[in-house]
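Analysis of the macromolecular model
Chain by chain, the residues:
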Amino acid sequence: MELVSTIRHDGDGGVLDDLATVRGTNRWLQQQPGLLTTGGRTGAPAPPPVADEELRDAVVGVRRAVRSLFARAVSPDPPSPADAHRLLPVDEALALLNTAAARERVAPQLTWPAGEAPVSRLLSVEEDPRVRLIATLARDAVDFLSGPQRERLRACRAPRCVRYFVKSHGRQEWCKPSCGNRARVARHYERSRAGGGGPGASV
């Protein structure tokens, strides 16, 4: 969700892309503690690689694939308006995501603490942190899209919002309270216009 949310509204009716530049990409990566580990997914947190234009393009490519698949996940409801006009075909998005996820060499490892159930984890044997970064982002998306949270994924319906979010309760339509407030104000305005209301209209 953090990767997908790097496309967001700017508060003035426009859209911001946190990954539009190499500098922005590095800033975002620094804000993702625990994204990479020293020993794969079971080790201590490791600093992310320093992005250049090639790595930025790879991260953006994974994001585009994920957002295209998020659009499929929320269908038949409309997708986020930020990129609804340039979504990848599903087959292309799946191929991009699966190829990225397969770039990292991993080995299954079994741990079995005394008195507990055995647990299987994937241990990275990939030395290149750039490869690990792209694969980790893709694999996290694979886990999300194949897991139970996909059923609760929604595109925020508030005016100007372009976020996807995971519904936390039954009738939730907005990603956060401020979006709900903005949506209610917009609905009130539309009802007032439809009813001929205005500053000088009688009630």
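Residues numbered from 1 in each chain as written. Predicted model: local features only at pLDDT ≥ 70, side-chain atom pairs only at ≥ 80, totals over all residues. Heavy atoms only, no water.

Things to note about unusual backbone geometry
Residue Pro 76 is reached from Ser 75 by a cis peptide bond, and omega for that bond is 15°. Positionally, Pro 76 belongs in the loop between helix 2 (53-74) and helix 3 (90-101). One non-glycine residue, Arg 160, lies in positive phi territory at about 75°. Relative to the helices and strands, Arg 160 resides in the loop between strand 7 (153-155) and strand 8 (164-166). Under the relative-accessibility criterion, Arg 160 is labelled partly exposed at 44%. (Helix = DSSP H or I, 4+ residues; strand = E, 2+ residues; numbered from the N terminus. Buried < 20%, exposed > 50% of the residue type's maximum accessible area, 1.4 Å probe, protein only.)

Some details on the pattern of salt bridges
Once the charged atoms of two side chains with opposite charge are near each other, the side chains can pair. Within this structure, the stated rule accounts for 12 salt bridges. Between Asp 52 and Arg 130 there is a salt bridge, with its nearest N and O atoms 3.1 Å apart. Pair noted here: Asp 52 is in the loop between strand 4 (45-46) and helix 2 and Arg 130 is in helix 4 (residues 129-145), with a separation of 78 residues, a long-range link. Taking the shortest distance from any N to any O, the salt bridge between Asp 57 and Arg 56 comes out at 3.2 Å. A single salt-bridge network, built from bridges that share partners, covers Asp 52, Glu 54 and Arg 130. (Salt bridge = Lys/Arg side-chain N within 4 Å of Asp/Glu carboxyl O.)

A short note on the side chain of Lys 167
Note that Lys 167 resides in the loop between strand 8 and helix 5 (177-194). Within the buried core, Lys 167 has no salt-bridge partner, and the shortest N-O distance to an opposite charge, that of Asp 77, equals 8.1 Å. Excluding residues within four positions of it along the chain, Lys 167 makes contact with Arg 152, Arg 154 and Gln 172. (Lys, Arg positive; Asp, Glu negative; His and termini not counted. Contact = heavy atoms within 4.5 Å.)

Details of the packing of aromatic side chains
The way to describe two aromatic rings as a pair is by their centre distance and the angle between their planes. Throughout the structure, instances matching the rule amount to two aromatic pairs. Note on Phe 70 and Phe 144: the rings are 5.3 Å apart at their centroids and 40° apart in plane angle, and the pair reads as tilted. Taken together, the positions of Phe 70 in helix 2 and Phe 144 in helix 4 put the pair 74 residues apart, joining distant regions of the chain. Each of the two residues, Phe 70 as well as Phe 144, counts as buried. Residues Phe 70 and Tyr 164 carry aromatic rings whose centres are separated by 5.4 Å and whose planes lie at 80° to one another, so their mutual orientation is edge-to-face. Pair noted here: Phe 70 is in helix 2 and Tyr 164 is in strand 8, with a separation of 94 residues, a long-range link. (Phe/Tyr/Trp six-rings, centres within 6.5 Å; stacked < 30°, edge-to-face > 60°.)

Some remarks on the nonpolar core
Counting residues in hydrophobic clusters, the biggest one holds 33 residues, and the most contacted among them are Val 59, Val 62, Phe 70, Leu 97, Leu 133, Leu 137 and Tyr 164. Listing elements by their share of this core, those giving two or more residues are helix 1 (22-30), helix 2, helix 3, helix 4 and strand 7. For this core, the leading source of residues is helix 2, giving nine residues. With residues near it in sequence (within four places) discarded, Phe 70 still touches Met 1, Val 4, Phe 144, Leu 145, Leu 153 and Tyr 164. With six residues, the next largest nonpolar core counts Cys 156, Ala 158, Trp 174 and Cys 179 among its residues. (Core = buried A, V, L, I, M, F, W, Y, C linked by side-chain atoms within 4.5 Å.)

By themselves, these are just geometric observations and shouldn't be taken as functional.
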